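Observations on chain architecture
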There are 2 protein chains.
Amino acid sequence: MPKSDNIPAPAVRRLSLYLRQLEAFHAADHRTVSSRQLGEALSLSDAQVRKDFAYFGQFGHPGIGYRVPELIQRVRRILGTDKQSNVLLVGMGNLGRALVSFGGFAKRGFDVVAAFDRDPGVIGMKSPRPIAFSVQPLADLPQVVKEKSIRLGILAVPAPAAQAVADTMIAGGVRGILNFAPVTIQAGLEIAVASVDLGVHLEQLSFQLGTTVS
Amino acid sequence: MPKSDNIPAPAVRRLSLYLRQLEAFHAADHRTVSSRQLGEALSLSDAQVRKDFAYFGQFGHPGIGYRVPELIQRVRRILGTDKQSNVLLVGMGNLGRALVSFGGFAKRGFDVVAAFDRDPGVIGMKSPRPIAFSVQPLADLPQVVKEKSIRLGILAVPAPAAQAVADTMIAGGVRGILNFAPVTIQAGLEIAVASVDLGVHLEQLSFQLGTTVS
DNA sequence: TTTTGTGAATTGCTTCACAGCA
DNA sequence: TGCTGTGAAGCAATTCACAAAA
């Protein structure tokens, strides 16, 4: 049983990176890995790595390091991705279509099993590539959430529609939203929201270039 | 002249959010905005907002607040997006195609003006929608970087190719990379790298659901 | 030896609270 | 009065450094 409370948010963010790197070590047939090796691969200190894992329990073996397959299992358990879960997506514009075609989610434990759009033009569309579902109207969302036990939704609609669609998702039973619209989504504390604003990331790079360099 | 050094990284991240929100206030015809209003819209404290701006200079007017158009200009200047700049993209898979079709970059000061891919099958392709350039082979990258004064590149290739392509971009003169591949890119300190791992964000949501709730 | 786990020290970030200006 | 800018205080996260385990 971990302390469960008082875990720094940055530590949780890094947990995902550790998992990704552990899987890379596993693919390269490393049986064990030390906090220093793991930190080096991710540009973190060895102390940081040990402290982060310590928030969740005792995973290491003194003198040995961490056993890779064991740690992968335990981190997945912590993140809740030890079993596949279903997610839905709303907004089948350019980005939405790219995201449902994107193979990377399934490898990390998330299956995109339903897509919704307001536009009747794309509803019924068999979505790009051989995908097993067709695009449905938003009105069907609550039913699909129940039938497929969906907890997470990806929001890929234009900015002006984002808050209203988010409200619809929440009312329909979605518990967490990954938002790609460049607006701040307002939701209750019991709803988890993460936002990815592609423009923001380029701005960060632009700022760094302005200061890092002459 | 700002102090220039010792600016917390979180403050720089929030600067992009302030800009986005200021533009929303501007569109709604707000002439001025207080730190409290701005903070409320972004779920931040008023003190946080004032302190963040203070890292970069004195922008506010006591008793009044911040003048919206003025602050927008100054934040853009700080981020280096007061003038449009050219960016390139490598990797015309699903995600890459969606990103070049994505209108949101131009509004924030970034024009995607060139696209590259390894696959001869897509080279020469006029890219989706009416876009003014065609996909080129990677060998052309250094020349394009020079001709179009490109400093930033978007990396949207599969994970196994990402590091090699990043090296090619850097050797070609790119100074900052926005990486969508789920790997840590190794680059010199003079190169700015930002990574967006779509799977990681879903994992964060998954973790929050596991702990927030029963 | 090697390497973890962890209290203690340190560094960094945020919030507080108020002087000063409009 | 309303609101900014900022030193000081408080809190959070990281790094240090070492006892214990293999």
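A brief look at the structure comes next. Keep in mind it's a predicted model, so treat the numbers as computed, not measured.

1. Points about the interface of chain A and chain B
Between chain A and chain B, the residue contacts involve 60 residues of the former and 60 residues of the latter. Buried surface at the junction of chain A and chain B, both sides included, amounts to about 5,200 Å², of which 65% is carbon and sulfur. Here chain A is connected to chain B by four salt bridges. With a shortest N-O distance of 2.7 Å, A:Arg20 and B:Asp197 are connected by a salt bridge. It is helix α9 (residues 198-212) of chain A that provides the largest number of residues to the side of chain A that touches chain B, a total of 13 residues. Residue composition of the side of chain A that touches chain B, by class: 33 nonpolar, 16 polar and 11 charged.

2. A short note on the protein's contact with DNA strand C
Close to DNA strand C lie 24 residues, the nearest being A:Ser35, A:Arg50, A:Gly60, A:Tyr66 and B:Arg14. Within 4 Å of the protein, the atoms of DNA strand C are drawn from sugar and phosphate moieties in a proportion of 65%. Note that a phosphate oxygen of DNA strand C is positioned 3.4 Å from one of the side-chain N or O atoms of B:Gln48. For the surface near DNA strand C, the elements supplying multiple residues, two or more each, are α3 (46-54) of chain A together with α1 (9-27) and α3 (46-54) of chain B. At four residues, α3(B) tops the list of elements feeding residues into the surface near DNA strand C. When grouped by side-chain class, the residues that make up the surface near DNA strand C number 10 nonpolar, nine polar and five charged.

3. Quick word on the protein's contact with DNA strand D
Neighbouring DNA strand D are 24 residues, the closest being A:Arg14, B:Ser35, B:Arg50, B:Gly60 and B:Tyr66. Restricting the count to atoms of DNA strand D within 4 Å of the protein gives a sugar and phosphate share of 64%. Note that a base nitrogen of DNA strand D is positioned 3.2 Å from one of the backbone N or O atoms of B:Gly63. Between a phosphate oxygen of DNA strand D and a side-chain N or O atom of B:Tyr66, the distance comes to 2.8 Å.

4. Looking at the side chain of B:Asp117
All names here are of chain B. Note on placement: aspartate 117 falls in strand β4 (residues 110-117). Of the side chains bearing the opposite charge, arginine 118 lies closest to the buried aspartate 117, which forms no salt bridge; the N-O distance is 5.9 Å. One polar contact links the side chain of aspartate 117 to the main-chain amide nitrogen of methionine 92, over a distance of 2.6 Å. At a separation of 2.8 Å, a polar atom in the side chain of aspartate 117 contacts the main-chain amide nitrogen of aspartate 119. Contact partners of aspartate 117, with chain neighbours within four places excluded, come to Gly91, Met92, Gly93, Val122, Ile123, Val135, Gln136, Pro137 and Leu138.

The rules we used
- Residues numbered from 1 in each chain as written.
- Chains lettered and ligands numbered in written order.
- Predicted model: local features only at pLDDT ≥ 70, side-chain atom pairs only at ≥ 80, totals over all residues.
- Heavy atoms only, no water.
- Contact = heavy atoms within 4.5 Å.
- Buried area = accessible area lost by both parts, 1.4 Å probe.
- Salt bridge = Lys/Arg side-chain N within 4 Å of Asp/Glu carboxyl O.
- Helix = DSSP H or I, 4+ residues; strand = E, 2+ residues; numbered from the N terminus.
- Nonpolar A, V, L, I, M, F, W, Y, C, P; charged D, E, K, R; others polar.
- Near = heavy atom within 4 Å.
- Polar contact = N/O pair within 3.5 Å; in protein donor to acceptor, adjacent residues only side chain to side chain.
- Buried < 20%, exposed > 50% of the residue type's maximum accessible area, 1.4 Å probe, protein only.
- Lys, Arg positive; Asp, Glu negative; His and termini not counted.

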